[in-house]
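Read off the chains here:
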Amino acid sequence: MKFTNEEMKLAANTIRCLSADMIEKANSGHPGAPLGMADIATSLWLNYLNVDPKEPMWANRDRLVFSGGHASALVYSLFHLSGMGEVSLEELKNFRQFDARTAGHPERGLMPGVEVTTGPLGQGLAMAVGLALSERMQSEMYSKEIVDHRTWCFCGDGDLQEGISQEAISLAGFLKLNRLVVIYDSNGITIEGSTDITFTDNTRLRFESCGWKVFEVDGHDFEAIDRIYRKAMKVETQPVLIIAKTHIGFGAPTKQDSADSHGAPLGAEEVAGLKKALGFDPEKSFVVPYDVYDMFEDRAASVHRSYLRWRKTFKAWAAANPEKAALRESALNGEIPKELFAAMPKFSSEKPIATRAACGEIMNVIAKYIPSLVGGSADLAPSNKTYLKGCGDIAPGSYNGRNIRFGVRELAMSAIVNGIVAYGGFRAFASTFFVFCDYCRPAIRLAALMKVPSIYIFSHDSFYVGEDGPTHEPIEQLSSLRCMPNVLTLRPADANETIGAWMAALKNTTGPSCILTSRQNLPVIDDVKPELVAKGGYVVWENSAHPKLIIIASGSEVSIAIGAAKELHEAGREVRVVSMPSRELFEAQDLSYRESVIPGTVARRVIVEAGVRFGWEGYAVNTALTRYVTLDKYGSSAPCKVLAKEFGFTVENVVAKAKELI
């Protein structure tokens, strides 16, 4: 430990007072965690955390995650003192206010240093596993010379109570992620009171049973903390958990060790008492002793020298390994080779194919052209068809593959993929059955908030799952994904639209993409144009430039719609069929394009989709002249062809609905 106990204590107490002042001024926030965690966080930052405020995006920096995002006042205090993100005192005073970078919970993109957005408990811990896995994979892909750092994660009782944490620590332990250190702020308090009323797990045994090395420490003893950090950094074969016993609201005269300090301002009198107990002037706010600034500046200068040494090493490595260096640069920039589209599989209308099978063929072509494509399935790769052939598997202590076997862990899988993508240099995907996207929803939402381009592949996308019955037949899931801002949903009609869906997903770099694929074989449609998937919707079939009726469909229902249109054509009706693989993309087009596809003057419309009607009402210009072939109830267990007939997803029923209008 470079600094004396008294110096460390002064720095930690400064953070406590800043945090209390921020929360008091905002009249909102969580003082308990910042006051309780200040000692363990200060010790880590000033002695072991390798982050350079002058080069905050340094590729070989340590990654730091505060899974309990409610400790944000602690984060911003550390950033201000260290210069990370150039967070000013004025910004601390603007904590939790509109348009402030110092948001209620740390948000990726508002300032350097916030690796991932946290707040929903457990998500940060799982994303930290993703960050740590990405580091190990890139270390083997490129070189330990240029990628060799740690991922540190602070978590609390709430994180470890959430089910996602068990999935994440189980996989991390199995994979022996030896550059991951989790620091558990064990203060024994949650919102409702003592954790004893709900949570009496033996955390040590829990982690040890999953293959972790576990240490325990008094979270307020600087010398003991320093010893534990040094021990943790010597562990080479497994991830590490440090159980730090702390006092929530440390220093608060009447609210220490109380749930009252967790989620509300301490109050002016309590803050004054806190400052007096810590040796600060109770009459002054937002005070930082110059000595504390000097300590953080000294640490920053030391890490910056490490950065300069790394930069020199990197230049030498790049000169000696130009192909790998170019590959790395391309991956970091998310480049898509120009020749990729032309290299895509060719699908024939003579051979029906499930879009899940087509998706697998497409992914394996992409994998050859984009070596940064990695990912896996929740024990469903043979069904999802998402295995990358010849690319090897990630295994315990071996990270040079590209297939990640997540096991039956959808909650963690989806968040881990977010961490992998947030790290930079990978386009990662997660895959499961569409009905289980509900397990993935919290992570998808965070990906959308973070603008992280994770890719989620959901197969078995409708009631055509068939015999497995309503528990496995998605009905409301597609509509619910469409409700989420900044989430791109893609439901291709056939194999060729699946090519377009993948191209759209690869080009989407500002949020997550969800590709939905069919279980059942679908016709390959002659008139499908993969490049038009980028428009979201387009005319796939028509018999007149001035139709009297428009049938709008997505996914497997497009071929049904075309079949119905052809029957109506034989009956002398003027019909247009619109394929709508992505409502989000279509609605992002300019008005002139949208009008060219679905003219407002054509009020007679039939909408066909194997899911709930919700959301399609916006495509009806006249409710009396609109018919729906949708499914607004749960499915049943039967062969899919029987279900299609029972639920009305047939050419005959679509024709009948159309004839009600023309």
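Treat the numbers as computed from the prediction; the structure is a model and nothing was measured.

Novice: Hey, could you run me through the overall build of the protein in this one?
Specialist: The secondary structure content of the protein amounts to 24 helices and 19 strands. Against the 2.2 N^0.38 benchmark of 26 Å for 662 residues, the protein shows a C-alpha radius of gyration of 28 Å, consistent with a compact globule. Taken along the three principal axes of its C-alpha coordinates, the protein extends 90 × 60 × 45 Å. Looking at the protein residue by residue over its 662 residues, the buried ones come to 61%. Put simply, of all contacts in the protein between residues at least 6 apart along the chain, 76% involve residues at least 24 apart. Working note: accessible area of the protein is about 25,300 Å², and carbon and sulfur atoms make up 50% of it. If the 71 positive side-chain charges of the protein are averaged to one point and the 78 negative ones to another, these points end up 5 Å apart.

Novice: Where do I start with the layout of surface pockets in this structure?
Specialist: Sizing a probe to match a water molecule and rolling it over the atoms shows the empty space that remains. Of the voids in this model, the largest pocket is the one considered here, and its volume is about 430 Å³. Residue lining of the largest pocket: 26 residues in total, with His70, Leu121, Gly158, Thr190 and His262 positioned closest to the centre. Among the elements that line the lining of the largest pocket, the one with the most residues is helix α6 (residues 157-161), at four residues. A class-by-class count of the residues in the lining of the largest pocket yields 11 nonpolar, 10 polar and five charged.

Novice: Before we go on, may I ask you to explain the packing of aromatic side chains in this structure?
Specialist: The description of an aromatic ring pair rests on the distance of the ring centres and on the angle between the ring planes. Within this structure, the stated rule accounts for 22 aromatic pairs. Consider the rings of Tyr76 and Phe95, whose centres lie 6.1 Å apart with planes at 65°: the pair is edge-to-face. Taken as a pair, Tyr76 in helix α3 (residues 72-82) and Phe95 in the loop between α4 (89-93) and α5 (123-141) lie far apart in primary sequence, 19 residues in all. Each member of the pair, Tyr76 as well as Phe95, carries the same accessibility label: buried. On the numbers, 5.0 Å between centres and 90° between planes, the contact of Phe207 with Trp212 is edge-to-face. With respect to burial, Phe207 and Trp212 carry one shared label: buried. Taken together, the ring pairs connect Trp58, Tyr142, Tyr307, Trp310, Phe314 and Trp317 into an aromatic cluster. Sitting over the face of the ring of Tyr593, Lys535 holds its NZ or CZ atom 5.0 Å from the ring centroid.

Novice: It is not clear to me how the pattern of salt bridges should be interpreted in this structure. Could you clarify?
Specialist: Close approach of charged atoms allows side chains of opposite charge to pair. Applying the stated rule across the entire model yields 24 salt bridges. Across the pair Arg491 and Glu557 runs a salt bridge, and its minimum N-O distance is 2.5 Å. Linking Arg491 in the loop between β12 (488-490) and α19 (495-507) with Glu557 in helix α20 (residues 557-570), this pair joins segments that are 66 residues apart in sequence. Side by side, Arg491 and Glu557 carry an identical accessibility label, which is buried. Linked by salt bridges that have partners in common, Glu135, Arg136, Asp148, Arg179 and Glu236 make up one network.

Novice: I would appreciate a short explanation of unusual backbone geometry in the present structure.
Specialist: A negative phi holds for most residues other than glycine; trans holds for most peptide bonds. The phi dihedral of Asp99 falls on the positive side, at around 70°, and the residue is not glycine. In this structure, Asp99 sits in the loop between α4 and α5. According to the relative accessible area criterion, Asp99 is exposed, its value standing at 70%. With a phi close to 65°, Lys385 is a non-glycine residue in the positive phi region. Take Lys385: its relative accessible area is 36%, and that puts it in the partly exposed class.

Novice: Help me understand the sheet that holds strand β17 (residues 575-579) in this model?
Specialist: Sheet strands pair via backbone hydrogen bonds, and the direction of the pair is either parallel or antiparallel. Strand order in the open sheet formed by five strands is β15-β17-β16-β18-β19, and the pairing between neighbours is mixed. Unpaired on one side and paired on the other, β15 (538-542) and β19 (626-629) mark the two borders of the sheet. Taken over all neighbouring pairs, the strand axes of this sheet differ in orientation by 20° on average, direction set aside.

Novice: Explanation requested: the side chain of Thr14 in the structure shown.
Specialist: Its location among the elements puts Thr14 in helix α1 (residues 5-26). For Thr14, a relative accessible area of 0% gives the class buried. A distance of 2.8 Å separates a polar side-chain atom of Thr14 from the backbone oxygen of Leu10. Not counting residues within four places of it along the chain, the set of residues in contact with Thr14 comprises Phe280, Val287, Val288, Pro289 and Val292.

Novice: Explanation requested: empty space enclosed by the protein in the structure shown.
Specialist: Inspection of every chain in the model, using the stated rule, returns four cavities of 30 Å³ or more. The computed volume of the largest cavity comes to approximately 100 Å³. Every residue lining the largest cavity is listed: Leu64, Val65, Phe66, Val75, Phe79, Pro106, Gly113, Val114, Glu115, Val116 and Thr118. For the lining of the largest cavity, the secondary structure elements donating two or more residues are β1 (63-66) and α3. Looking at which element gives the most residues to the lining of the largest cavity, the answer is β1, with three residues. The residue makeup of the lining of the largest cavity, split by class, is eight nonpolar, two polar and one charged. Space inside the second largest cavity adds up to approximately 60 Å³. Contributing to the lining of the second largest cavity are Trp45, Leu49, Val51, Pro56, Arg61, Asp62, Leu64, Phe79, Met84, Gly113 and Glu115.

About the cut-offs
Residues numbered from 1 in each chain as written. Predicted model: local features only at pLDDT ≥ 70, side-chain atom pairs only at ≥ 80, totals over all residues. Heavy atoms only, no water. Helix = DSSP H or I, 4+ residues; strand = E, 2+ residues; numbered from the N terminus. Rg over C-alpha atoms; globule rule 2.2 N^0.38 Å. Buried < 20%, exposed > 50% of the residue type's maximum accessible area, 1.4 Å probe, protein only. Contact = heavy atoms within 4.5 Å. Areas by Shrake-Rupley, 256 points an atom, 1.4 Å probe, with all protein chains shown as cover. Lys, Arg positive; Asp, Glu negative; His and termini not counted. Charge placed at Lys NZ, Arg CZ, Asp CG, Glu CD. 1 Å grid on protein atoms, 1.4 Å probe; cavity = no way out; pocket = protein on both sides within 12 Å on 5 of 7 lines; lining within 4 Å. Points joined across faces, edges and corners; volume = space filled by probe spheres on them. Nonpolar A, V, L, I, M, F, W, Y, C, P; charged D, E, K, R; others polar. Phe/Tyr/Trp six-rings, centres within 6.5 Å; stacked < 30°, edge-to-face > 60°. Lys NZ or Arg CZ within 6 Å of the ring centre and 35° of its normal. Salt bridge = Lys/Arg side-chain N within 4 Å of Asp/Glu carboxyl O. Pairing = 2+ DSSP bridges. Axes fitted to C-alpha atoms, helices over the stretch in contact; angles between N-to-C directions. Polar contact = N/O pair within 3.5 Å; in protein donor to acceptor, adjacent residues only side chain to side chain.

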